[in-house]
Structures are given as structure tokens and as C-alpha cells.
Amino acid sequence: MPLERRLPEWFRVPAPGGPNYLRLRSLVLNEGLHTVCQEAHCPNIGDCWDRGTATFMILGDICTWRCHYCAVTTGRPNALDPGEPARLAETVRKLGLSHCVITSVTREDLPDGGASVFAECIERIRDTLPGCSVEVLIPDFKGDDDALRTVLDAGPAVLNHNIETVRSVFRRVRPKGDYDRSLRLLRRSREMAPHIPTKSGIMVGLGETEDEIRETMADLREVGCQLLTIGQYLRPSKMHWKLDRFYTPQEFEALAALGRAMGFTHVASGPLVRSSYHADEQVAAARSG
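Residues numbered from 1 in each chain as written. Predicted model: local features only at pLDDT ≥ 70, side-chain atom pairs only at ≥ 80, totals over all residues. Heavy atoms only, no water.

Colleague: Tell me what's going on with the overall build of the chain, and back it up with residues and numbers.
Modeller: Across its full length, the chain holds 11 helices and 10 strands. Taking all contacts inside the chain whose residues are at least 6 apart in sequence as the whole, residues at least 24 apart take part in 74%. Element-wise, carbon and sulfur atoms account for 49% of the exposed surface of the chain, whose accessible area totals about 12800 Å². (Helix = DSSP H or I, 4+ residues; strand = E, 2+ residues; numbered from the N terminus. Contact = heavy atoms within 4.5 Å. Areas by Shrake-Rupley, 256 points an atom, 1.4 Å probe, with all protein chains shown as cover.)

Colleague: Could you give an account of the layout of surface pockets, with specific residues and numbers?
Modeller: When its volume is computed, the second largest pocket comes out at roughly 160 Å³. Together, 14 residues line the second largest pocket, and Leu-59, Gly-60, Ala-79, Asp-81 and Glu-84 are the ones closest to its centre. (1 Å grid on protein atoms, 1.4 Å probe; cavity = no way out; pocket = protein on both sides within 12 Å on 5 of 7 lines; lining within 4 Å. Points joined across faces, edges and corners; volume = space filled by probe spheres on them.)

Colleague: Got a sec to walk through helix H4 (residues 84-95)? Specific residues and values, please.
Modeller: Helical geometry: 3.6 residues make up each α-helical turn, so side chains three or four residues apart lie on a common side. Compared with an ideal rise of 1.5 Å per residue, which puts 12 residues at 16 Å, H4 spans 16 Å between its outermost C-alpha atoms and is within 8% of the ideal. Listing the buried residues of H4 in full gives Glu-84, Pro-85, Leu-88, Ala-89, Thr-91, Val-92 and Leu-95. Around the axis of H4, the buried residues are gathered within 160° of arc, so they sit on the same side. Note on H4: the residue one or two positions beyond its end, Gly-96, has a positive phi of about 65°. (Expected span 1.5 Å × (residues − 1). Buried < 20%, exposed > 50% of the residue type's maximum accessible area, 1.4 Å probe, protein only. Arc of directions from axis to C-beta.)

Colleague: Summarise the side chain of Gln-226; cite the residues concerned and give the values.
Modeller: Mapped onto the elements, Gln-226 comes out in the loop between helix H9 (210-222) and strand S9 (227-232). The buried category is assigned to Gln-226, whose relative accessible area is 17%. Among the polar contacts listed, one links the side chain of Gln-226 to the side chain of Arg-190, at a separation of 3.2 Å. Contacts of Gln-226, omitting those with residues within four sequence positions, involve Arg-190, Ile-196, Pro-197, Thr-198, Arg-221, Phe-264, Thr-265 and His-266. (Polar contact = N/O pair within 3.5 Å; in protein donor to acceptor, adjacent residues only side chain to side chain.)

Colleague: Describe the pattern of salt bridges, listing the residues and the values that go with them.
Modeller: Within this structure, the stated rule accounts for 15 salt bridges. As a salt-bridge pair, Arg-184 and Asp-145 come within 3.0 Å of each other at their nearest N and O atoms. One end of the pair, Arg-184, is in helix H8 (residues 179-192); the other, Asp-145, is in helix H6 (residues 145-153), with 39 residues separating them in the sequence. Classification of Arg-184 as partly exposed rests on a relative accessible area of 31%. Each of Asp-145, Arg-184, Arg-187, Arg-188 and Glu-191 takes part in a single network of salt bridges with overlapping partners. (Salt bridge = Lys/Arg side-chain N within 4 Å of Asp/Glu carboxyl O.)

Colleague: Let's hear about empty space enclosed by the protein: which residues, and what values?
Modeller: For the structure shown, the criterion picks out one cavity of 30 Å³ or more. The calculated volume of the largest cavity comes to roughly 40 Å³. Lining the largest cavity, in full, are Asp-140, Gly-143, Asp-144, Asp-145, Leu-148, Arg-181, Arg-184, Leu-185 and Arg-188. Within the residue set of the lining of the largest cavity, elements represented by two or more residues are H6 and H8. A per-element tally of the lining of the largest cavity places H8 first, with four residues. Residue composition of the lining of the largest cavity, grouped by class: two nonpolar, one polar and six charged. (Nonpolar A, V, L, I, M, F, W, Y, C, P; charged D, E, K, R; others polar.)

Following this line, the structure appears as C-alpha cells:
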């Protein structure tokens, strides 16, 4: 039996279906919005949606990149929806969120990569629900400083950009990305807006070594990254990158301890951890740290 079909017992989670989950699903459907929870087949969807939290995905649901670990549809995107930021803000208001996470597909077809839409979403949410902090999980914008500044100037609570994996694996699973360009984005964010915490995430189980994980964590600290997530890669389909191995909960705990020792303000590390899992707890840690 293939490795990915033999999920360890620690991956067993209750099926989604609580009242908050159903309410959020209805709101997302009625407003014509997308969530990375659905598009990326996140195993935490039941837990997060029952807690009244979700990671909204803007700029449509079709990505111009084809990363070999990602379940999001790849192809030619549709035209931008000018009403999306307003509908997103209204949904956040109806949910009464105190912290909201916004990510997107990669849109190489847009001159600014969608940075201006990120900024509008942040501003709309702030106007509609002033008490809600907004975390953004952004693409690399091809290294465009102007696009990054557009997002930072809108004042997100956290600037998140995932490194995803170690240097030796990076180009094989993310052929359009660049490991050093991702590091540079995080460094430039700290230089442009030192008051905005930066965050990144690593998947394990793609064929990396433990030494390489440590090296990647050190690279992130070198560019000032403060918040870190580490989670298990799960192969979305047979067409995606092969799963190398499962890490145990004890190994994740050891990585979390290592991260704290290296100086990260907060490390969320576990089999089911994803980049926006319990993001409200990480932003609280960033504020207190």
C-alpha cells in the first residue's frame, strides 16, 4: 500500500459538520468567495471553521504557477472581480472575526501580482470591522519591491510568505519560485516595515534531511523572520510530488523547541499544522514578544 494511504493515527480528525462550520460554508458560497481551506484540501477545515476562522483566497481560484505539492487548480485565470474585496469584508463582519487571514493564487498575468487587491482587502476589512487584525499570506511578486510596499503600506498585522521547503528540494517542487527570492522578500519586508511581524512556513516529508530543515530555519532567522509554522506534507493526488516520510509528533516537538532556541517569537509545529492554523495565537505571541 502506498505510504500516503497509510496515515498514522495522529492524523485522525473529526469529520467537519458543526454549526459554525455550516454557517461559514454557507457565507463563503453565498458571497462567491474562495478559501484555501477548500482549494488546498486542508485537513483542519472542520476545526478552524468550527472556531469561526478561515483563510480566504483572493484573486480567483486559478493559479498561474504549477507547484508539484499544491492542490490548487493551475491554468489561465479569469478576470479580476472588482467586488471581491467588499464581499470579503462583509463576510468577515458577519463572522465577527478578531483576526482574518488572506492569501491568494499566484497571478503572473497582473502587473503588480495582485498587490493592490491585497491592499484594498486590508483597507476594506479595517473600515468594516475595525477590531479585526488582518494577516496576509502573499506570493513572491517576482521580487517586485513596489508590489511588496503596496501591501505593507496597507498595514497588515502580519506579513506571511512561505519558504515551503529546503533549498535542495525547492526548485524541483516549485519550479517557478526561487528560494533566495523568497528570503529576500522577508528581509525587505522587515526593512520596509520593521513594526510588522514576518512569518513563514515549512512543509516536511518532501525528501529533505533534518540538517536541511535546521539550515532553512537558520536562513529564515537570518532575514528576521519571527513566526514559523512547520507541518507535514500530504500528497493531494498521484499527480503530485511523492511523500517521502511521515514525521512523528515527537519530531515536530523537537523542531518547535529548536525554533524557539533559535529565537523565533512563536513556532507552531505539528503534523496537522498549516501556515494559517490558529494564526490568531501567533499574532498574539508576536504582539507580546
